[in-house]
Amino acid sequence: MFQRRGRVLPKLWRRTFSVLYFLASTLIILVTYDSFAHGSSFLFVAILGVTLGVVGYVASISLFRGGGYSRFVSIWVFLISLFYYATYGMINKEIFGNPGIILITLIYTISSIVFVFFNPNTRERKKCNLSTKSKILISIIFFLFLAIAIAIPWESKINLIFEPNQEGSENYENDELSVFVEGGFVYRVEKAILFSDNDMLEIAVKSKSPKTRITINPKVDTKLRLNFLGIARGGTSIEVDGESYGPMPYLSGEVLTHSLEGDVREPDPGVVESKEYIESRKGTYIDLSLKGGTEEVVSLSRETKKDNLHFYVFSDLHSGYSVSFPVFFDILKGDSDFVVLNGDIVNDGYRSEYRTASALSELFPIPVYTTIGNHDTWNGGEKEYANFFGKTNYSYMYKDYLFVFLDNESGHVEEPQFAWLEEVLKAGTPGRIFVFSHMPPIDTLTGRFDDKEYPNAELRHSMFNKAESDRLMSLLSEYGVYAHIAGHTHEHGTVTLGGVQYITSGALGGTVNAGDSVSYLEVTEDGEEIEVINHDVLESYEIENQEVRNKLHAARVFAAPFLVDKSIRANLAILWLIALSYFVIYYLRKEKK
């Protein structure tokens, strides 16, 4: 039994709120239009914004006419708006400083409060019931739709975004050809219909070394497009069967390159997740005409025009890109060989996070090499890491230096890894070897193994097993490793033991604890002298004065992936719930007692 509660809202006020609702809904639609341009990470709030705008227009019309739906629809507008603001705020905190959003919030909030005390309706709603048969039918349809919406991976089915589909494999084979990659992996395979007049196959290869070799064995005459990711633009030569390949066009991703020349405005943290930077197709490509039964070898090699080594190490980006992205942009203006993302690249291991991190690295005009961290494996993230970044144990030679990337995200180094590591270290020259892993073997502030008891072993400032730590340090000392560089501790520290420097960098993604370091490392060579420089991004007093803000930021970072990772599926479920409520009300009105 629906009854009127409180006094009836005067006609003038009712129509005033109607106009305000119309204005607020129009503003929401305009904001949502911009959200769609931000790509799939914002699709959740974009569709939610459309829903809010449409329901707001319904509320506006109902209020103007004084219909029986006014109170019900107005309450729905208020509830959806709360969910919209919370969701949008998790993804982009700048929403709370937007004057338009503040105005919309005031309109919806004040209106909902007024409607608690006043009845905006002028038409009587009568008691009505829904038959048992109708209830069962609606329930079956609802649960069936919800199961389908959540179970089917709609994003990948409709090829919404450009992302890996080969699980980091070095091999690919179909009825037409086979491909084997050394110094990299097969990132994505698709038909290149959208990018060519011919229905050719496109294979994207991501490099994990300054030298990458792709061996192609065509079984029949065919055409192939190779798209190279992770190579240095302007500093990489490509040879096809030993002969130099001509100028290589870019698929896209030129926005950042142009920005460096001042043609396009510089990106800032507020647009890091925009469609312009995340979902644009990237890479350098070549088109090949292959003859069946032959073998073609495509080789990529980084030119070493300048003698001195120069690279950067970033670690623990997982608390957000608002700090790290401006730093990225600044270093791209300089002249460096590569960047190392030394673990905890993402926070919760979700594909949405990997999608953003990988897209940013693919836009860099210099190569980016990675190690895997403990946060990167949360929620099954090790599979996503393989998809986006490939192997977790690998090495390469560059400028007569050996660079080794070791997986110890679990806090352990297993026996097969020790055997692999020793074999790799034999190829290096003492004093010219760098080893990277996410966790240090010892606490770089105390110089000792961290054997404290913690509620969670991941809180340790070293690996978890002392015997494995000692064995690792012994190997590094035996083969003359210059430095072992790690992250994980969120603190910059350095100590020399057994002739090896053990260095940790701060958390470049920001910090949530006073006393942590927000910093990164720069490694330079001047003649035979190597220097590892720590750059602080925030001073300690700045960190200590932002405790509340940092905790809120941490909550936002942890919650955001839940909201955006299954954007389409989640939205279908929400939209269906909203539609179902109107469906029920329709039957309530039809089946009057």
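Keep in mind it's a predicted model, so treat the numbers as computed, not measured. (Residues numbered from 1 in each chain as written. Predicted model: local features only at pLDDT ≥ 70, side-chain atom pairs only at ≥ 80, totals over all residues. Heavy atoms only, no water.)

## Quick notes on the overall build of the chain
To keep things clear, this is the line we draw: Secondary structure elements are taken from DSSP: a helix is a run of H or I of four residues or more, a strand is a run of E of two residues or more, and numbering for both begins at the N terminus. The buried label applies to any residue whose accessible area, calculated with a 1.4 Å probe on protein chains only, is under 20% of its type's maximum; exposed applies above 50%, and partly exposed to all values in between. We call two residues in contact whenever any of their non-hydrogen atoms come within 4.5 Å of each other. Accessibility throughout is a Shrake-Rupley quantity obtained with a 1.4 Å probe, and a residue counts as covered only by protein chains that appear here.
On a plain count of helices and strands, the chain comes out with 16 helices and 23 strands. For the chain, with 593 residues in total, the buried portion stands at 54%. Long-range contacts, defined here as pairs at least 24 residues apart, represent 75% of the contacts in the chain between residues at least 6 apart. Of the roughly 26600 Å² that the chain leaves accessible, carbon and sulfur atoms contribute 57%.

## Overview of the nonpolar core
Filter applied, for reference: Buried Ala, Val, Leu, Ile, Met, Phe, Trp, Tyr and Cys residues form a nonpolar core when they are joined through side-chain atoms within 4.5 Å.
Residues F314, V339, L341, I345 and L508 are the most contacted members of the largest nonpolar core, which totals 26 residues. Of all the elements in the fold, those that place two or more residues in this core are β5 (184-191), β13 (310-314), α9 (324-332), β14 (338-342), α10 (351-363) and α11 (381-389). Looking at this core element by element, the count peaks at four residues for α9. L472, M473, L476 and Y479 belong to the second largest nonpolar core, which has 23 residues in total.

## Focus: the pairing of strand β15 (residues 368-371)
We apply this condition: Between any two strands, pairing holds if DSSP finds at least two bridges. The crossover handedness rule: strands pointing away from the viewer, path from first strand over the helix to second strand clockwise, crossover right-handed.
Burial of β15 is two-sided: the residues V368 and T370 facing one way and the residues Y369 and T371 facing the other way are all buried. Inspection of the sheet shows β14 paired to β15 by four bridges, in the parallel sense. Its bridge partner being in β15, L341 is matched across the sheet by T370. Handedness of the crossover joining β14 and β15 through α10 is recorded here as right-handed.

## Here we look at the environment of L82
You can see L82 is positioned in helix α3 (residues 70-91). Note: C-alpha distance between L82 and T109 (27 residues apart in sequence) is 9.3 Å.

## Points about the pattern of salt bridges
Threshold: Salt bridges are defined as contacts in which a side-chain nitrogen from Lys or Arg sits within 4 Å of a carboxyl oxygen from Asp or Glu.
Applying the stated criterion to the full structure yields eleven salt bridges. Notably, a salt bridge pairs E182 with R213, separated by 3.4 Å at the nearest N-O pair. Of this pair, E182 sits in strand β4 (residues 177-182) while R213 sits in strand β7 (residues 211-218), and the two are 31 residues apart along the sequence. Look at E182 and you get partly exposed, because its relative accessible area is 35%. Residue class for R213 comes out partly exposed when judged on its relative accessible area of 38%. Of the charged contacts, one joins R471 and E415 as a salt bridge, the two residues approaching to 2.7 Å between their closest N and O atoms. Of this pair, R471 sits in helix α13 (residues 466-478) while E415 sits in helix α12 (residues 415-425), and the two are 56 residues apart along the sequence. Overall, the relative accessible area of 47% leaves E415 in the partly exposed class.

## Comments concerning the confidence of the model for the chain
Let me state the cut-off plainly: Scored between 0 and 100, pLDDT is the confidence that the predictor attaches to each residue.
Per-chain confidence: the chain averages 77 in pLDDT, with 66% of residues scoring 70 or above. Note on residues 1-5: pLDDT under 50 across the span, and ten contacts to partners over four residues away in sequence or across chains. Within the model, the stretch residues 252-273 combines pLDDT values under 50 with 55 contacts to residues more than four positions away or in other chains.

## Quick word on the sheet that holds β14
Here is the rule we go by: Helix axes are fitted only over the stretch in contact, all axes being lines through C-alpha atoms; the angle between N-to-C directions runs from 0 to 180 degrees.
Across the sheet, which stays open at both edges, the five strands sit in the order β15-β14-β13-β22-β23 with mixed pairing between neighbours. Both edges of this open sheet fall to β15 and β23 (529-538), since each of them pairs with a single strand only. Averaged over neighbouring strand pairs, the angle between their axes works out to 20 degrees when direction is ignored.

## Observations concerning the environment of T504
Worth spelling out the cut-off: Each polar contact in these results corresponds to two N or O atoms within 3.5 Å; when the atoms are within protein, one needs to be able to donate a hydrogen and the other to accept it, and residues that are neighboring in sequence are counted only if both atoms are side-chain atoms.
Mapped onto the elements, T504 comes out in strand β21 (residues 500-504). Residue T504 is classed as buried on the basis of its relative accessible area, which comes to 0%. In the structure, T504 is positioned 30 residues away from N534 in sequence and 9.6 Å away in space, judged by C-alpha atoms. Of note is the side chain of T504, whose polar atom sits 2.7 Å from the side chain of T444.

## Description of the packing of α12 against α13
The cut-off we apply is this: Should an angle lie under 35 degrees it is considered roughly parallel, over 145 roughly antiparallel, and from 65 to 115 roughly perpendicular; all remaining angles are considered oblique. For this classification, the nonpolar set comprises Ala, Val, Leu, Ile, Met, Phe, Trp, Tyr, Cys and Pro, the charged set comprises Asp, Glu, Lys and Arg, and every other residue, Gly included, is treated as polar.
Between α12 and α13, the shortest axis-to-axis distance is 11 Å and the interhelical angle comes to 10 degrees. With respect to α13, the axis of α12 lies roughly parallel. The segment α12 lies against α13, with E415, F418, L421, E422 and L425 engaging E468, R471, L472, L475 and L476. Looking at the contact of α12 with α13, its residues break down into six nonpolar, no polar and four charged.

## Quick look at a nonpolar patch on the surface
Using the following cut-off: Think of a patch as exposed residues, more than 30% relative accessible area, with no salt bridge, where like charges cluster within 9 Å and nonpolar side chains (Val, Leu, Ile, Met, Phe, Trp, Tyr) cluster within 5 Å.
Taken together, the side chains of L20, L23 and L103 define a hydrophobic patch exposed on the protein surface, amounting to about 220 Å² of accessible area. By the secondary structure assignment, L23 is in helix α1 (residues 11-36).

## Re empty space enclosed by the protein
The condition that has to hold: Only protein atoms enter the 1 Å grid used here. Points where a 1.4 Å probe fits but cannot escape make up a cavity, open sets with protein on both sides within 12 Å along at least five of seven lines make up a pocket, and a residue lines them when an atom lies within 4 Å of a point. Grid points are joined across faces, edges and corners, and a volume is the space filled by probe spheres set on the points.
By the definition in use, this model includes six cavities of 30 Å³ or more. Of the volumes computed, that of the largest cavity is approximately 110 Å³. Lining the largest cavity, in full, are F185, K206, S207, K208, G230, S361, E362, V368, Y369, T370, F388 and F389. Among the secondary structure elements, those contributing two or more residues to the lining of the largest cavity are β6 (201-207), α10, β15 and α11. With three residues, β15 is the largest single contributor of residues to the lining of the largest cavity. Looking at the lining of the largest cavity residue by residue, the classes come out as five nonpolar, four polar and three charged.

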